[in-house]
Amino acid sequence: MSLLFPLRQPAGPEERDDLIMALALRLAREAAARDEVPVGAVVVRGDRLLSRGANQVERLGDPTAHAEMIALTQAFAAAGEKRLPGAELFCTLEPCLQCAGALIHARVDRVVYGAADPKFGGVESLARLLDLPGLNHRVAWRGGVRAEESAALLQAFFRARRG
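The sections below set out a description of the structure shown in this document. The model shown is predicted, which means the values in this text are computed figures rather than measured ones.

1. A short note on unusual backbone geometry
Step number 1: Of note in this structure, Asp 35 is not a glycine but carries a positive phi near 65°.
Step number 2: Looking at where Asp 35 falls in the secondary structure, it is placed in the loop between α1 (13-33) and β2 (40-45).
Step number 3: For Arg 107, which is not a glycine, the phi torsion comes out positive at approximately 65°.
Step number 4: Along the chain, the position of Arg 107 falls in the loop between α4 (97-106) and β5 (110-115).

Below is the structure:
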């Protein structure tokens, strides 16, 4: 685990979200360079970076190897826990149905994401899994952080593949 902000603390919560999303965007760019769909994710707890993840679907031949799942698995190992109370996951794309379910099971406190995902989004676009009544755990969420940059990465990636 490393410190998120070793030189200075962000001025407020919005700047904090923006700075952490910048790290997730860097991971998304690295995924694109490996010919993976450019999605990056990080898990933080307080001022500590627990883990990083990027899509590895192509590399692992596993359709469940999303950035969020990779980051969660690494965070469990780093924290030595099977749940992540007090943790936040930052992802460049709205978590899908699978990943939203995993966030609930992991007991993550909050998810912050960039671009919405109208085809598979499990937070607000296709379904609102985090807001379902009757859940024994609530995950707070914020969408749209650096959304344009996240969407531009995805659009460029898919345009090049179709090109």
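2. Describing the sheet that holds strand β1 (residues 2-3)
Step number 1: With mixed pairing, six strands are arranged side by side in an open sheet as β1-β3-β2-β4-β5-β6. Of all the strands in the sheet, just β1 and β6 (140-142) have a single pairing partner and so form its edges.
Step number 2: Bridging between β1 and strand β3 (residues 48-54) involves two bridges; their strand directions are antiparallel. Within β3, the residue paired with Leu 3 across the bridge is Arg 48.
Step number 3: Lying over the sheet, helix α3 (residues 67-79) contacts β2, β3 and β4 (87-93), oriented at roughly 145° with respect to β3.

Conventions and cut-offs
- Residues numbered from 1 in each chain as written.
- Predicted model: local features only at pLDDT ≥ 70, side-chain atom pairs only at ≥ 80, totals over all residues.
- Heavy atoms only, no water.
- Helix = DSSP H or I, 4+ residues; strand = E, 2+ residues; numbered from the N terminus.
- Pairing = 2+ DSSP bridges.
- Contact = heavy atoms within 4.5 Å.
- Axes fitted to C-alpha atoms, helices over the stretch in contact; angles between N-to-C directions.

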